[in-house]
Amino acid sequence: MTDLVLRPLADAFMQVGVYVAVMVALFGWLRWRYGDRVTDGLTRRRKLGPLVGALLGVSPGCGGAIILMPLYARRKVSFGTAVAALAATMGDSSWVVLAWNPVFAVKLHGLLFAVGLVTGYVVDALGIDPARSLRRAPAPVVAAPAGLAAAGGPDLAGARRLLGGLLPRVPASTAFWGLTTPAFAVSVPVVFQMVDAESLTRTLGGVDPYLALGVLGTLVAVLIFAAGRGRLADDTLETAQPRSAGATLRHSAHEASFITVWVAVAYLAWEVVTRTTGFDGSQLALTGLVGVLVGAAIGLIPGCAVQIVFTGLYVSGGLPLPTLVANAISQDGDALIPLAALRRHSAALATVITTIPAAAVGAALLVLL
C-alpha cells in the first residue's frame, strides 16, 4: 500500500509540487512587478517582437505567452510574435522537468527558445497573418472569457468574478504554503541525497517526514484543485499578471496544486500499471518517427493537463527524448485559449504552424541521438 499508493502521492508533492510552488511564486512576483514594462517596450519595438515573444514564451508556465495574445488581437504585435511565444512555451509541463532535473530543463528550454525565435521570424518574413485583411477595420467585438475584454484588454470585473470561482479561499492557500515551507526544507536534502531518508526517520522516532508531508501536501493540492473545479487559474490576462502580492500567492498555490494533482495522477497510474502488468513503457508506440508524430499531435490539444501527464511519463522513463521535444514544441499551453476567444482563425493556424518545427526537430533528434 505504501509503495503502490502513498509513495507516488508523496513524490508528486515532494519532487515536483514544492519546487513548482516556489518557482511559480517567484515568476508571479516578477510578472506582478515588471510585466507591464516588458509589454510596453515590446509594442514600441515591433521588429524585436519574435525575440521578446520567444523570451516570454520560454519562461516557465503559461503567463508569459498569455500576456502576448491580447496584444496580438489588438494588432500591437505581429503574428510571428504570437507564434514565437507559442512555439517556445512548454506551458505548465515545464515545471515538471524543472523540478525533476534543472540542468536538463535549462537545455530543453534553450532549444525551445531557439525554435520559437526562428519560427516567429520566419512567419513574419513570409508575411503570414490571418488577421491581415482586418487591419484597416476596427477590432471585432468577440465574446471572450471572463477576465478578458472583447477587444483583448483586461476586464477587471470579469477577472474578479473568475478569480472568485477559480481560486480557493485564503485559508486553503495558507494551508498549502504552511505545508510547502517545511516540505521544501525536507525535500531538498532528501531528493538531492544530502541526508539519508531512513536516518532522518529514525531521528524523528519512526515518522517519515518525506512521506507524511508529501501525502498531506498532495491531499491539500487535491482540495484546492477541487475548489477550482479542476481548472487552471493561469488562463486569463488578469491571472497572468496578478495585481497584488496576495493574489500572486493565491494564484501560485492554485497553479502548483493543479500541476501536483496531474503529476500525482501520472505517477500513480504509472506505478499501478508497471506493478500489475510489468509494462515499462518500451511497449508503447512512442519511439522512432511514430513517437515524434504522436508527441507533436498530442501537443495540438489545448490546455496543460494532458501535456503535464505526458511530460510526467518522460520523467518516469516512459518516453524517449525526441518524443518529449516534439510535444514540448507543439503544445501551446493555456495561451491558446484566450487567443482562440479573440482570433479563432489565428489560433487554429498558429497551433498548426507550431507542429511543423515540432515534427522537424523531433525527427532531427532521432538522427542525431
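Structure: above.
Every chain begins its residue count from 1, and numbering advances along the sequence as written. Owing to the predicted nature of the model, reporting of local features is limited to residues with pLDDT of at least 70; listing and counting of side-chain atom pairs is limited to 80 or more, with chain, interface and lining totals taken over all residues. Side-chain numbers here rest on the full set of heavy atoms in the structure, without hydrogens or water.

> In this structure, what is going on with a nonpolar patch on the surface? I would like to understand it.
Residues qualify for a patch when their relative accessible area is over 30% and they have no salt bridge, like charges being joined within 9 Å and the nonpolar side chains of Val, Leu, Ile, Met, Phe, Trp and Tyr within 5 Å. Under the convention used here, a 1.4 Å probe and the Shrake-Rupley method define accessible areas, while residue burial counts only the protein chains that appear. By definition, a salt bridge exists where a carboxyl oxygen of Asp or Glu is found within 4 Å of a side-chain nitrogen of Lys or Arg. Together, L289, L293, L366, V367, L368 and L369 line one region of the surface with nonpolar side chains, adding up to about 650 Å² of accessible area. We count a stretch as a helix when DSSP gives it H or I for four or more residues in a row; a strand needs E for two or more, and each element gets its number in order from the N terminus. Among the secondary structure elements, those contributing two or more residues to the nonpolar patch are helix 13 (288-298) and helix 17 (344-368). By residue number, the principal contributor to the nonpolar patch is helix 17, which donates three residues.

> I keep staring at the nonpolar core and nothing clicks. Help me out?
Within soluble globular proteins, side chains that are nonpolar generally end up buried alongside one another. Core analysis: the largest hydrophobic core is formed by 92 residues, its most contacted members being M69, L108, F176, I259, V263 and L339. Here the element with the most residues in this core is helix 1 (residues 2-44); it accounts for 13 residues. Note on contacts: a residue pair qualifies if any of its non-hydrogen atoms lie within 4.5 Å across the two residues. Residue contacts for V263: discarding those within four places in its chain leaves A12, V16, V96 and I308. By nonpolar core is meant a set of buried Ala, Val, Leu, Ile, Met, Phe, Trp, Tyr and Cys residues that side-chain atoms within 4.5 Å join together. Relative accessible area decides the class of each residue, using a 1.4 Å probe on protein chains only: under 20% of the type maximum gives buried, over 50% gives exposed, and in between gives partly exposed.

> Any chance you could explain the pattern of salt bridges here in plain terms?
A side chain of one charge can pair with a side chain of the opposite charge if their charged atoms are brought near each other. On inspection of all chains with the given rule, the structure shows one salt bridge. We note a salt bridge from D208 to R7, for which the minimum N-O separation is 3.7 Å. Here D208, found in the loop between helix 9 (197-203) and helix 10 (209-227), pairs with R7, found in helix 1; they are 201 residues apart in sequence, far enough to count as distant.

> Hey, could you run me through the packing of helix 4 (residues 79-88) against helix 6 (residues 102-125) in this one?
Any two packed helices are characterised by the angle at which their axes cross and by the distance between the axes. Axis lines are fitted through C-alpha atoms, for helices just across the contact stretch, and the angle between N-to-C directions can take any value from 0 to 180 degrees. Across the interface, helix 4 lies against helix 6 with an axial gap of 7 Å and an inter-helix angle of 155 degrees. In terms of axis orientation, helix 4 runs roughly antiparallel to helix 6. Crossing handedness for the pair helix 4 and helix 6: right-handed. When helix 4 is examined against helix 6, the residues F79, G80, T81, V83, A84, A87 and A88 are found in contact with a partner set consisting of L112, F113, G116, T119, G120, V123 and D124. Taken together, the residues of the contact of helix 4 with helix 6 sort by class into eight nonpolar, five polar and one charged. Between 65 and 115 degrees an angle is taken as roughly perpendicular, under 35 as roughly parallel, over 145 as roughly antiparallel, and anywhere else as oblique. Two helices cross in a left-handed way if the nearer one is turned anticlockwise from the farther one by less than a right angle. They cross in a right-handed way if the turn is clockwise. Only Asp, Glu, Lys and Arg are considered charged in this grouping, and only Ala, Val, Leu, Ile, Met, Phe, Trp, Tyr, Cys and Pro are considered nonpolar; every other residue, Gly among them, is considered polar.

> Would you mind going over the side chain of T351 with me for this structure?
By the element assignment, T351 lies in helix 17. Apart from the residues lying within four places of it in its own chain, the contact partners of T351 are L300, D332 and L336.

> What should I look at first to understand the environment of A125 in this one?
Mapped onto the fold, A125 is located in helix 6. Taking the C-alpha atoms as reference points, A125 and G80, separated by 45 residues in sequence, lie 8.5 Å from one another.

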